[in-house]
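Residue-level listing of the chains:
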Amino acid sequence: MSPSPDAAPEPGPEPAAGQLPAVAPQLRALRRRASLTLEAAARAAGLSPAHLSRLETGGRQPSLPMLLALARIYGTTVSELLGETVAERDAVLRAADMEPTEAGGWTYWQAGASGRGMQALRVHVPHGSQGDIVRVHPGEEWLYVLRGRLRLRLGDAVHQLGPGDSAHFDSLTPHRIAARDPAGVELLFVHTLLQSPTAALCLGPTTGETP
């Protein structure tokens, strides 16, 4: 259920006046490193070229699912998209070194080192945020509910998860994540990172349905 490349772009917060998001120049540099044209990268992400161009120039700020999409397409990590660098690939990541990052209303913390075959995040999903975003991509995902209650839609099935519950699924299954409680939900989230710029991914809102 891949959206058309000319589908309406995902709504998102505009950057503050005079502020160029740090991710914007990284998006363009990493796309070029992957030897992808603007049109090819936009098509792989289910975006219009105009929308991707606005992301690359700072006209729009990408959501966390959008960052995950582009990271897979470019064969990199969300950390690298954000311009974060790690001096050494340590096996241990201390809590004091986990800086929160906001993207599309979500807040997340890196819970693993960059440059690995999978990416680990601690994520806070607010209530009502991005519940209409459908994700479809190669690989696997695993999530574990730390606090709050989660509504997880996998294909046509809807699952309600509480603290201590987890899910492990094939990411080619269309899936949606939404918080059930007003306070949101906090998750541990791990996904495989396909090191291929040709990895296909569909990402976009669907209207008229609840997650």
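Definitions and cut-offs
- Residues numbered from 1 in each chain as written.
- Predicted model: local features only at pLDDT ≥ 70, side-chain atom pairs only at ≥ 80, totals over all residues.
- Heavy atoms only, no water.
- Helix = DSSP H or I, 4+ residues; strand = E, 2+ residues; numbered from the N terminus.
- Polar contact = N/O pair within 3.5 Å; in protein donor to acceptor, adjacent residues only side chain to side chain.
- Buried < 20%, exposed > 50% of the residue type's maximum accessible area, 1.4 Å probe, protein only.
- Contact = heavy atoms within 4.5 Å.
- Pairing = 2+ DSSP bridges.
- Axes fitted to C-alpha atoms, helices over the stretch in contact; angles between N-to-C directions.
- Core = buried A, V, L, I, M, F, W, Y, C linked by side-chain atoms within 4.5 Å.
- Phe/Tyr/Trp six-rings, centres within 6.5 Å; stacked < 30°, edge-to-face > 60°.
- Lys NZ or Arg CZ within 6 Å of the ring centre and 35° of its normal.

### Side note on the side chain of H175
Phase 1: Here H175 lies in strand β9 (residues 175-179).
Phase 2: For H175, the side chain forms a polar contact with the side chain of E141, separated by 3.2 Å.

### A word on the environment of H124
Phase 1: Within the fold, H124 resides in strand β3 (residues 118-125).
Phase 2: Residue classification places H124 among the partly exposed positions, given a relative accessible area of 23%.
Phase 3: A C-alpha to C-alpha distance of 6.4 Å links H124 and L187, two positions 63 residues apart in sequence.
Phase 4: Apart from the residues within four sequence positions on either side, H124 is in contact with W106, T107, W109, A183, G184, V185 and E186.

### Re the sheet that holds strand β5 (residues 140-147)
Phase 1: Sheet architecture is open: six strands sit in the order β1-β2-β3-β10-β5-β8, paired in antiparallel fashion. Only two strands of the sheet have a single partner each, and these edge strands are β1 (101-103) and β8 (166-170). Within this sheet the neighbouring strands show an average axis-to-axis angle of 25°, counted without direction.
Phase 2: When β1 meets strand β2 (residues 106-110), the two strands line up antiparallel, connected through three bridges. Within β2, the position partnered with E102 by the bridge is T107.

### Observations regarding the nonpolar core
Phase 1: L52, L70, Y74, L81, Y108 and L150 are the most contacted members of the largest nonpolar core, which totals 42 residues.
Phase 2: Considering every element that reaches this core, the biggest residue donor is helix α4 (residues 64-74), with eight residues.
Phase 3: Beyond its immediate stretch of four places on either side in the chain, L150 contacts L143, V145, H159, Q160, L161, I177, A178, R180, V185 and L187.

### Quick word on the packing of aromatic side chains
Phase 1: Inspection of every chain in the model, using the stated rule, returns one aromatic pair.
Phase 2: Centre to centre, the rings of W142 and Y144 are 6.2 Å apart; their planes meet at 20°, and the pair counts as stacked.
Phase 3: Among the residues examined, W142 registers a relative accessible area of 31% and is labelled partly exposed.
Phase 4: Note on Y144: relative accessible area 30%, which makes it partly exposed.
Phase 5: Geometry around W109 places R122 over its ring, the cationic atom sitting 4.0 Å from the centre.

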